[in-house]
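As a plain string of letters, each chain reads:
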Amino acid sequence: MRATDAFADTKWVPDANKVWEPPGVPHTELCTLVQSTGLQVPACIAAVAVLCYTGISCRFFVRVWLPATLSAVYSIKRVPRAIMRFPWRPLALCWAAPGRRASSSVPEGIQSFVPTSSTIDAHALEQLQAFLSRATRLFVITGAGLSTESGIPDYRSEGVGLYARTDRRPMQYAEYIRSAKSRQRYWARNYMGWPQFSSHQPNSAHLALQQWEEQGKVHWLVTQNVDALHSKAGHQGLTELHGCAHRVLCLGCGAVSPREDLQKRFKALNPSWGAQAGGVAPDGDVFIEDEQVLHFRVPSCKDCGGILKPEVTFFGDTVNRRTVQFVHERLAESDAVLVAGSSLQVYSGYRFLLAAADQKIPVAILNIGSTRADHLAEFRVSARCGEVLSVIQPH
């Protein structure tokens, strides 16, 4: 049930021997990093002033705020890798003063996929800090709202989700099974979108949850996302409830293979094929006009000639019963539930909140906008996941 096991042969599996440096970033070292961008001493002083005045953590400042600000203000196309690789560890809880908006956790180029959120409420953060401090075996459920901050669009976010931006709808399981043309269209679009989708990296929320696991705070994490970002972050106790787009399943013989291998087969079968993508959609999809996919060739299973499908739960399909039972067992072992970045509109995830209520397990929700389970939660924090989780320090 550990998602990282399925990716043991891929190049991006995190190094288990990697050790993060201890906290504590001297301002002189921070100045050195800022100066490495070509800015002068006054800019260094300003950077330190921002750090001190806003109260944001050094980790958040160096890895998120500084690169985004430099790119936006000084038109620096590539922030020095020294900054992006700066050693980190979450610091004690800190937030902006009441009435002042905390710095964004999202680089400017990605913000188009993240819905607008209101000013973070200090009292709500205090509640969340206390809630997480009390938990000893935390059960976490994550959704698409966690990955929008990595540049992956979602379906339901107000104003920026797929349903708000277009009249397109995701592939249905029944349509995929019965129609060769639908499969051709799906794979052509997925082939075009795969290079970008597969290159997305974990954001500060994924990294915070992974470190909480290392600290013994998180008992189990269930994600409704299929992007493998929790695996890339190094999370071990993980169930990918809806599968993973980085794996391909044969519907005939049940063989599972890496999605990257299928990409190579697509290239070999379609050496001169090309299309103009009209936009990015969730789950590795892009917008392509139907006439552009007419000559796209789709391979079959190497072993049995069966139909290939991403190992994900399509809309209209059901989650494996053994997976559901396994998650219920992990939930029963837990003493608190945190929902992060999910509206829980899909029953496959919502069912675990109902089970938590039946077992009287306390629930907290971190999500921009209302959720289906708001009435089951002790409280909800309406804010970006990366903005909050990266500054919470569960004890």
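About the criteria used
Residues numbered from 1 in each chain as written. Predicted model: local features only at pLDDT ≥ 70, side-chain atom pairs only at ≥ 80, totals over all residues. Heavy atoms only, no water. Pairing = 2+ DSSP bridges. Helix = DSSP H or I, 4+ residues; strand = E, 2+ residues; numbered from the N terminus. Axes fitted to C-alpha atoms, helices over the stretch in contact; angles between N-to-C directions. Contact = heavy atoms within 4.5 Å. Buried < 20%, exposed > 50% of the residue type's maximum accessible area, 1.4 Å probe, protein only. Right-handed = clockwise from strand over helix to strand, strands pointing away. 1 Å grid on protein atoms, 1.4 Å probe; cavity = no way out; pocket = protein on both sides within 12 Å on 5 of 7 lines; lining within 4 Å. Points joined across faces, edges and corners; volume = space filled by probe spheres on them. Nonpolar A, V, L, I, M, F, W, Y, C, P; charged D, E, K, R; others polar. pLDDT = per-residue confidence, 0-100. Phe/Tyr/Trp six-rings, centres within 6.5 Å; stacked < 30°, edge-to-face > 60°.

Here the focus is the sheet that holds strand S2 (residues 218–223). The strands that make up a sheet are held in pairs by hydrogen bonds between backbone atoms, and each pair lies either parallel or antiparallel. Strand order in the open sheet formed by six strands is S3-S2-S1-S7-S8-S9, with parallel pairing between adjacent strands. At either end of the open sheet lies a strand with only one pairing partner, and these are strand S3 (238–240) and strand S9 (379–381). The average undirected angle you get between the axes of adjacent strands in this sheet is 15 degrees. Sitting on the sheet, helix H5 (residues 122–134) touches strand S1 (138–142), strand S7 (336–340), strand S8 (363–366) and S9, and the angle it makes with S9 is about 115 degrees. Helix-sheet contacts for helix H13 (residues 321–332) involve S1, S2, S3 and S7, and the interaxial angle to S2 is about 150 degrees.

Here the focus is the pairing of S7. Counted residue by residue, S7 has five buried out of five residues, so it is predominantly covered. Burial of the side chains of S7 extends over both faces: Ala 336, Leu 338 and Ala 340 are buried on one face and Val 337 and Val 339 on the other. Relative to S7, S1 runs parallel, the two being bridged by five bridges. Residue pairing for S7: Ile 141 is matched across the bridge by Val 339. The pairing of S7 with S8 spans four bridges and is classified as parallel. Across the sheet, the residue bridging to Val 337 is Val 363, located in S8.

All right, on to the pairing of S8 then. Of the two faces of S8, the one lined by Val 363 and Ile 365 and the one lined by Ala 364 and Leu 366 are each fully buried. On the question of chirality, the crossover connecting S7 to the parallel S8 by way of helix H14 (residues 347–358) is right-handed.

With that out of the way, let us pick up the environment of Ala 205. The topology assignment puts Ala 205 in helix H10 (residues 204–214). For the pair Ala 205 and Glu 387, spaced 182 residues apart in sequence, the C-alpha separation works out to 7.7 Å. Excluding anything up to four places from it in sequence, Ala 205 contacts Leu 146, Cys 385, Gly 386 and Leu 389.

Here the focus is empty space enclosed by the protein. A full pass over the atoms with the stated rule returns two cavities of 30 Å³ or more. Of the volumes computed, that of the second largest cavity is approximately 30 Å³. In terms of lining, the second largest cavity is formed by Thr 223, Asn 225, Asp 227, Ala 228, Leu 229, His 230 and Glu 240. Tallied by class, residues from the lining of the second largest cavity come to two nonpolar, three polar and two charged.

Further remarks concern the sheet that holds strand S6 (residues 308–312). A sheet is described by the order of its strands in space; here three strands give the open sequence S5-S4-S6, paired in antiparallel fashion. One side of each edge strand has no neighbouring strand; the edge strands of this open sheet are strand S5 (256–258) and S6. Adjacent strand axes in the sheet meet at a mean angle of 45 degrees when their direction is disregarded. As judged from the four bridges shared by strand S4 (residues 243–250) and S6, these two strands associate in the antiparallel manner.

Now for the confidence of the model for the protein. Scored by pLDDT, the protein has a mean of 76; 64% of the residues are at 70 or more. Contacts for the low-pLDDT stretch residues 67–111, under 50 throughout, to residues beyond four places or in other chains number 106 contacts.

Enumeration according to the criterion identifies 13 aromatic pairs in this entry. An angle of 90 degrees between the planes, with centres 5.7 Å apart, marks the rings of Tyr 176 and Tyr 186 as edge-to-face. With Tyr 176 in helix H8 (residues 173–178) and Tyr 186 in helix H9 (residues 180–199), this residue pair connects regions lying 10 residues apart in the sequence. In this structure, Tyr 176 and Tyr 186 share a single accessibility class: buried.

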